[in-house]
Amino acid sequence: MKKDLIKKNYQEKIKQFNHYNKKYYDENISEILDSDFDNLKQEIIELEKKHVFLKSKKSPQLNVGFTPSKNFKKVSHRVPMLSLSNAFTEEDLLNFEKKILNFLDKKSDDFQIEYSAEPKIDGISASITYKNGKFKTGLSRGDGKEGEDITSNLKTIEDIPKEISAKDFPNEIEIRGEVFIKNSDFKKFNTKFANPRNAASGSLRQKNPEDTKKIPLKFIAYTFGFEKGMNILNQNEYLKKLSIWGFKTNPLNKLIKGTKNLMQNYIQIEKLRSNIDFDIDGIVYKINSFELQKRLGYVANAPRWAIAHKFSANSGISKILDIDIQVGRTGALTPVAKIDPINIGGVLVSNATLHNEDEIIRKDIRIGDTVVIERAGDVIPHIISVDFKKRDISSKKFIFPIKCPSCGSNTIKEENLITKKKDAIRRCSSEGFECEKVAVEKIKHFVSKEALNIEGFGKKIVE
Ligand code: IVH
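Conventions used here
- Residues numbered from 1 in each chain as written.
- Predicted model: local features only at pLDDT ≥ 70, side-chain atom pairs only at ≥ 80, totals over all residues.
- Heavy atoms only, no water.
- Phe/Tyr/Trp six-rings, centres within 6.5 Å; stacked < 30°, edge-to-face > 60°.
- Helix = DSSP H or I, 4+ residues; strand = E, 2+ residues; numbered from the N terminus.
- Buried < 20%, exposed > 50% of the residue type's maximum accessible area, 1.4 Å probe, protein only.
- Lys NZ or Arg CZ within 6 Å of the ring centre and 35° of its normal.
- Pairing = 2+ DSSP bridges.
- Contact = heavy atoms within 4.5 Å.
- Axes fitted to C-alpha atoms, helices over the stretch in contact; angles between N-to-C directions.
- Near = heavy atom within 4 Å.
- Polar contact = N/O pair within 3.5 Å; in protein donor to acceptor, adjacent residues only side chain to side chain.
- Core = buried A, V, L, I, M, F, W, Y, C linked by side-chain atoms within 4.5 Å.
- Salt bridge = Lys/Arg side-chain N within 4 Å of Asp/Glu carboxyl O.

S.K.: Help me understand the packing of aromatic side chains in this model?
M.R.: Each aromatic ring pair is specified by the distance between its two centres and by the angle formed by the two planes. Counted by the stated rule, this structure contains 14 aromatic pairs. Note on Phe 17 and Phe 37: the rings are 4.8 Å apart at their centroids and 20° apart in plane angle, and the pair reads as stacked. Pair noted here: Phe 17 is in helix H1 (residues 3-27) and Phe 37 is in helix H2 (residues 34-50), with a separation of 20 residues, a long-range link. As far as the burial class goes, Phe 17 and Phe 37 line up, both buried. Geometrically, the ring pair formed by Phe 224 and Phe 290 is edge-to-face, given 5.6 Å between the ring centres and 75° between the ring planes. Remark: Phe 290 occurs in helix H10 (residues 290-296) and Phe 224 occurs in strand S8 (residues 217-228); sequence separation between them is 66 residues. Judged by its relative accessible area of 14%, Phe 290 falls in the buried class. Within the aromatic cluster, the residues linked to one another by ring pairs are Tyr 130, Phe 135, Phe 169, Phe 224, Tyr 238, Trp 245, Phe 247 and Phe 290. Residue placement shows Lys 3 over the ring face of Phe 53; its charged tip is 4.8 Å from the ring centre. The lysine or arginine in question, Lys 442, covers the ring of Phe 433, its NZ or CZ lying 5.0 Å from the ring centre.

S.K.: Please clarify how the sheet that holds strand S9 (residues 254-257) should be interpreted in this entry.
M.R.: Taken in spatial order, the five strands of this open sheet run S2-S13-S10-S3-S9, and their pairing is mixed. Every other strand in the sheet has two partners, leaving strand S2 (86-87) and S9 as the edge strands with one partner each. Summarising the sheet, strand S10 (residues 280-287) and strand S13 (residues 306-310) pair through five bridges and their orientation is antiparallel. In the sheet register, Lys 286 faces S13, and the bridge partner there is Ala 306. Running at roughly 50° to strand S3 (residues 114-121), helix H8 (residues 235-245) makes contact with S3, S9 and S10 of the sheet.

S.K.: I tried to follow the side chain of Ser 430 on my own but got confused; where do I start?
M.R.: Tracing the backbone through its elements, the reader meets Ser 430 in the loop between strand S20 (427-428) and helix H12 (436-447). We classify Ser 430 as buried; its relative accessible area is 16%. Setting aside anything within four residues of it in sequence, one finds Ser 430 in contact with Cys 407, Ser 409 and Cys 435.

S.K.: Got a minute to help me understand the site of the ligand in this structure?
M.R.: Close to the ligand lie Ser 83, Leu 84, Glu 118, Lys 120, Ile 121, Ser 125, Arg 141, Glu 178, Tyr 222, Val 284, Lys 286 and Pro 303, which account for all nearby residues. Interatomic distance of 3.4 Å between a backbone N/O atom of Leu 84 and an oxygen atom of the ligand. Between the ligand and the protein, one listed contact pairs a nitrogen atom with a backbone N or O atom of Ile 121 at 3.4 Å. The set of elements that each furnish at least two residues to the shell around the ligand consists of S3 and S10.

S.K.: Looking at this structure, how should I read the nonpolar core?
M.R.: Proteins that are soluble and globular tend to have nonpolar side chains buried together. Core analysis: the largest hydrophobic core is formed by 31 residues, its most contacted members being Tyr 130, Leu 154, Ile 175, Phe 219, Tyr 238 and Phe 247. Going through the elements one at a time, strand S4 (124-131), strand S7 (172-181), helix H6 (196-204), S8 and H8 are the ones with two or more residues in this core. The contact partners of Phe 247, leaving out residues within four places of it in the chain, are Tyr 130, Pro 161, Ile 164, Phe 169, Ile 175, Phe 219, Ala 221 and Leu 242. Counting residues in hydrophobic clusters, the runner-up holds 29 residues, among them Leu 104, Tyr 115, Phe 180 and Ile 220.

S.K.: Would you explain the environment of Trp 305 in this entry?
M.R.: Relative to the elements of secondary structure, Trp 305 occurs in the loop between strand S12 (302-303) and S13. Spatially, the C-alpha atoms of Trp 305 and Lys 286 are 5.9 Å apart, while their sequence positions differ by 19 residues. Residue contacts for Trp 305: discarding those within four places in its chain leaves Phe 96, Tyr 285, Lys 286, Ile 287, Gln 293, Leu 296, Gly 297 and Tyr 298.

S.K.: Where do I start with the pattern of salt bridges in this structure?
M.R.: Once the charged atoms of two side chains with opposite charge are near each other, the side chains can pair. Going through the model one piece at a time under the given rule, you end up with 30 salt bridges. For Arg 78, the salt bridge is made with Glu 172, and the minimal N-O distance between the two is 2.5 Å. Residue Arg 78 is located in the loop between strand S1 (74-76) and S2, and its partner Glu 172 is located in strand S7; the two are separated by 94 residues in the primary sequence. On the basis of relative accessibility, which here comes to 11%, the residue Glu 172 falls in the buried class. Here Asp 122 makes a salt bridge to Arg 197, at a shortest N to O gap of 3.3 Å. In this pair, Asp 122 sits in the loop between S3 and S4 while Arg 197 sits in helix H6, placing the two residues 75 residues apart along the sequence.

What follows is the structure, given as structure tokens:
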């Protein structure tokens, strides 16, 4: 490709990236999936690596977050709030470790790196300054250099101690962590946000702290910015101290050696993901020793001593709570799995299609099963596989109803006249408008855009 074309393509991607970034940070709106946003960022980084002539002040490699909103006073961070590089595969982890060992001039045979592995909470980062044990100011990340002064809003959060009297609490310190909303609370309080993270971001940046107070925001601490008088040697010890000082820390944080064990922990936590009442989108690995962290330092806007190992953007693990049978306009009975809600690539998924009776039999899907769910593009989420090892001994095969759940008529599987095989789909045998569900679905279709397109006559009215 010609240089001009490469440049044009690059600038277009930068423009798109900054548009989505502004929407997300300034207006709490996700216009595209998190995974697509990550991919766009990755594409830009790859382009910059491949063509050294590509440069932009707005590159995601040089910027984090977005310029603070005009609604709040801007305040400079004494220590910048940086971003993390991403890893997606085991190979990325091996490369991360290799680079560190090279930088430190060590060989893997005689030097084992110790990591603090911390589930990456998908919320909004905040930095709280304490002076002589008192909560003074609270800032959002903003663009990493300057944050918004959201002190009054942060003060409404119960998890954040207002005063700390422990003798070993530093005279001055910026405690940093994540503000988030629990999934169960999101379900109770949500009105207009697509996912818990957007809801947390929106509530945290309300103009009136009284509005913030209404939302049960939580805070988990995990790092620090500027500090004076802290005498701690590593991240693991720091996390323990945080908890002694009265902060909440993540109970799933672990100290781990070796990339094989990092992978094992990653798989284990991904399986636990749907049982945790807040969203996590990966695991953050930090070199445990502060001395090594200091030696490794930073590249552009991220530390060399840490990386975020992201979970797959289009699949997740959850549990089937129930199986519902939906009746469609043609009488087709479609089984739908009601699952424990899980965030897949920024969308909270609580239903997955099971397609038809044959699919349930073929995959032996049962209520209570732990399953892998895939959500790709706009396709309805579906079940990829069942974890049979997790199945309860008392679990029973799912019996597909032989009567229509709406009108009680017999159901039938038609025979294909050519192949002489039974259809995979079971249908309600009632005719015309006898079955209420079939009737409703027929009318919905009749007035819809696909048919007569009767404006103002929507699904709700039909129902
Ligand atoms: S450490 C320089 N630890 O992930 C290191 N971040 O892109 C800075 N996050 O903005 C962050 N859990 O909002 C760290 N245990 C954890 C985290 C964590 C979530 C978020 C944080 C940060 C982003 C990194």
